[in-house]
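Architecture at a glance
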Amino acid sequence: MHSLKISSCRSKSNLIMSIMTSFREKNGSAKMTEKQLTRRRVLFSFLILLGLAVLLFIWNVNSGSVNLSVPEICRIIFLRQGDTTAYNIIWQIRLPRILSVIILGGALSVSGFLLQTFFGNPIAGPFVLGISSGSKLVVALVMVGFLSSSRTMSSGEMIIAAFAGAMISMGFVLLVSNKVKNMSMLVICGVMIGYICSSITDFVVTFADDSNIVNLHNWSLGSFSGMTWSNVAVMAVVVGVAMVITFFLSKPISAYQLGEVYAQNLGVNIRAFRVALILLSSILSACVTAFAGPISFVGVAVPHLVKSLLHTARPLLVIPACFLGGAVFCMFCDLIARTVFSPTELSISSVTALFGAPVVIYIMVKRKAG
């Protein structure tokens, strides 16, 4: 009898162990399946963004007052052969503009992602918080001063002026954030700061010399026209360095997203980290404003669309995806701005607002419903 009890207990324990083992195997296989699905989704999302980027690049190069075939464009770009007029159109006008759209569009999107991380608000962005408007104001003032003395601003001087304006606006936003804890009120204050800076800029443009008004007016509305290879080189260096530093901050950003206390427990210096986020976002948005003027809603809409596409907020994935998404979004908007009412060109900010503002409205409605 005793042996029978022992054998029955062993059989029961074996049964329990087998059930637990099968449960673990099923749970492990479910986790593996979930990981595989996440990897496939991320890979599929990046392939979509890369495919759209290539398609829009070819479409932008091919669009304009002079239509060129794809083989002719490839021959001009890769073999440096072709008609002299077509060669100059591609290399001196279209390629610098498209590359600047890619670099600045990606920079503006990443700047928006950094600001959203800093404030913990999905509708924070360079344009919404008035940072782009502050950059526009200082650049307009410096530009009028240079043009009145018959001098032209270099690319470096424009970036420095735009960065100074961005830091001034960011300083006001940070002062308001210390007094106002409600994020909705903070965004409203940022919009008001942007309106104040824009109104002062309009006064500056209105009372500028007649010869300077055209350049200032086109720039203040936002445009990628008139880009040169020297501009592309400067913006590529500035944005490239800022992007490398941002990418190395992926782990601290990931920890900061889970709360300041959690990030501190992992050894993140919160004060230095917040300063780094402010400087990087200001440099990226200032570079965009210096070369193309203020561009609206890209920094808010694109990070949200990218996170929805990836189904994750991991900075290691979101940062490069935001850069690609910003490039795609701005290439699409610039194509519309150039071609819809050709030969008249729309301001890029008007087109980006047309597609970006509905995304911001959706985010606000969704947050209110939540």
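Please read all numbers here as calculations on a predicted model, not as lab measurements.

Cut-offs and rules
Residues numbered from 1 in each chain as written. Predicted model: local features only at pLDDT ≥ 70, side-chain atom pairs only at ≥ 80, totals over all residues. Heavy atoms only, no water. Helix = DSSP H or I, 4+ residues; strand = E, 2+ residues; numbered from the N terminus. Buried < 20%, exposed > 50% of the residue type's maximum accessible area, 1.4 Å probe, protein only. Contact = heavy atoms within 4.5 Å. Areas by Shrake-Rupley, 256 points an atom, 1.4 Å probe, with all protein chains shown as cover. Phe/Tyr/Trp six-rings, centres within 6.5 Å; stacked < 30°, edge-to-face > 60°. Lys NZ or Arg CZ within 6 Å of the ring centre and 35° of its normal. Polar contact = N/O pair within 3.5 Å; in protein donor to acceptor, adjacent residues only side chain to side chain. Axes fitted to C-alpha atoms, helices over the stretch in contact; angles between N-to-C directions. Parallel < 35°, antiparallel > 145°, perpendicular 65-115°, else oblique. Left-handed = near helix turned anticlockwise from the far one by under 90°. Nonpolar A, V, L, I, M, F, W, Y, C, P; charged D, E, K, R; others polar. Core = buried A, V, L, I, M, F, W, Y, C linked by side-chain atoms within 4.5 Å. Salt bridge = Lys/Arg side-chain N within 4 Å of Asp/Glu carboxyl O. pLDDT = per-residue confidence, 0-100. Expected span 1.5 Å × (residues − 1). Patch = residues over 30% accessible without salt bridge, like charges linked within 9 Å, V, L, I, M, F, W, Y side chains within 5 Å.

**Structural notes on the overall build of the chain**
From N to C terminus, the chain includes 14 helices and zero strands. In the chain, which comprises 370 residues, the proportion classed as buried is 45%. Put simply, of all contacts in the chain between residues at least 6 apart along the chain, 76% involve residues at least 24 apart. Carbon together with sulfur atoms contributes 68% to the accessible area of the chain, which is approximately 19,300 Å² in total.

**Let's talk about the packing of aromatic side chains**
Two aromatic rings are characterised by how far apart their centres lie and by the angle between their planes. On inspection of all chains with the given rule, the structure shows six aromatic pairs. On the basis of an interplanar angle of 50° and a centroid distance of 5.1 Å, the ring pair of Tyr256 and Phe273 is categorised as tilted. Within this pair, whereas Tyr256 is found in helix H9 (residues 250-257), its partner Phe273 is found in helix H11 (residues 270-292), the two being separated by 17 residues in sequence. Grouping residues by exposure puts Tyr256 and Phe273 together as buried. Among the aromatic residues, those joined into a cluster by ring pairs are Tyr87, Trp91 and Trp229. Directly above the aromatic system of Trp91 lies the positively charged group of Arg80, at a separation of 4.0 Å from the ring centroid.

**Description of the side chain of Ser281**
Within the element layout of this structure, Ser281 appears in helix H11. A polar contact of 3.0 Å, which involves the side chain of Ser281, links it to the backbone oxygen of Ile278. Not counting residues up to four positions away in its chain, the partners in contact with Ser281 are Ser111, Leu114, Leu115 and Met170.

**Concerning the packing of helix H12 (residues 298-310) against helix H13 (residues 315-339)**
In contact at an axis separation of 9 Å, H12 and H13 are set at 120° when each is read in the N-to-C sense. In terms of their interaxial angle, H12 and H13 are classed as oblique. Between H12 and H13 lies a crossing of right-handed hand. Packed against H12, whose contacting residues are Val298, Val302, Pro303, Val306, Lys307 and Leu310, the element H13 presents Leu317, Val318, Ala321, Cys322, Gly325, Gly326, Phe329 and Cys330 at the interface. Residue composition of the contact of H12 with H13, by class: eleven nonpolar, two polar and one charged.

**Comments concerning the nonpolar core**
Soluble globular proteins tend to bury their nonpolar side chains together. Formed by 93 residues in total, the largest nonpolar core has its most connected members in Ile90, Leu104 and Phe119. A total of 16 residues in this core trace back to one element, the largest contributor, which is helix H3 (residues 84-119). Ranked by size, the runner-up nonpolar core spans nine residues in total, among them Val187, Val359, Val360 and Ile363.

**Some points on the pattern of salt bridges**
Summed over the entire model, instances satisfying the criterion amount to four salt bridges. The closest approach of N and O atoms between Arg274 and Glu260, which form a salt bridge, is 3.1 Å. Of this pair, Arg274 sits in helix H11 while Glu260 is found in helix H10 (residues 260-265), placing the two residues 14 residues apart along the sequence. According to the relative accessible area criterion, Arg274 is partly exposed, its value standing at 26%. What you see here is one network of salt bridges that share partners, running through Arg97, Asp334, Arg338 and Glu345.

**Looking at the confidence of the model for the chain**
With 86% of its residues at a pLDDT of 70 or more, the chain shows a mean pLDDT of 82. In the predicted structure, residues 1-7 sits below a pLDDT of 50 and forms zero contacts with residues beyond four places in sequence or in another chain.

**Description of the environment of Leu249**
By the secondary structure assignment, Leu249 is in the loop between helix H8 (229-248) and H9. C-alpha of Leu249 to C-alpha of Ala276: the two residues are 27 residues apart in sequence and 9.1 Å apart in space. Leu249 has contacts with Ala276 and Leu280, leaving out every residue within four places of it along the chain.

**Description of the packing of helix H5 (residues 155-179) against H11**
For the pair H5 and H11, the least separation of the axes is 8 Å and the interaxial angle reads 130°. In terms of axis orientation, H5 runs oblique to H11. Between H5 and H11 lies a crossing whose hand is right-handed. Across from Ser155, Met158, Ile159, Ala162, Phe163, Ala166, Met167, Met170 and Leu174 in H5, the residues of H11 making contact are Ile278, Leu279, Ser281, Ser282, Ile283, Ser285, Ala286, Cys287, Ala290 and Phe291.

**Quick word on unusual backbone geometry**
Positive phi, normally seen in glycine, also occurs at Arg80, with a value near 55°. When you line up the elements, Arg80 lands in the loop between helix H2 (70-78) and H3.

**A short note on H12**
For H12, which comprises 13 residues, the first-to-last C-alpha distance of 18 Å matches the rise-based estimate of 18 Å (1.5 Å per residue) to within 8%. For H12, the set of buried residues is Val298, Gly299, Val300, Ala301, Val302, Pro303, His304, Val306 and Leu310. At the C-terminal side of H12, His311 shows a positive phi close to 60°.

**As for H9**
Those residues of H9 not exposed but buried are Ser250, Pro252, Ile253, Ala255 and Tyr256. In this structure, the buried side of H9 is in contact with H3, H8, H10, H11 and H13. Directly after H9, the chain includes Gly259, whose backbone phi takes a positive value near 120°.

**As for a nonpolar patch on the surface**
A cluster of nonpolar side chains, Phe44, Ile48, Leu52 and Leu55, forms an exposed patch at the surface whose accessible area comes to about 360 Å². If you trace the backbone, Ile48 turns up in helix H1 (residues 2-62).

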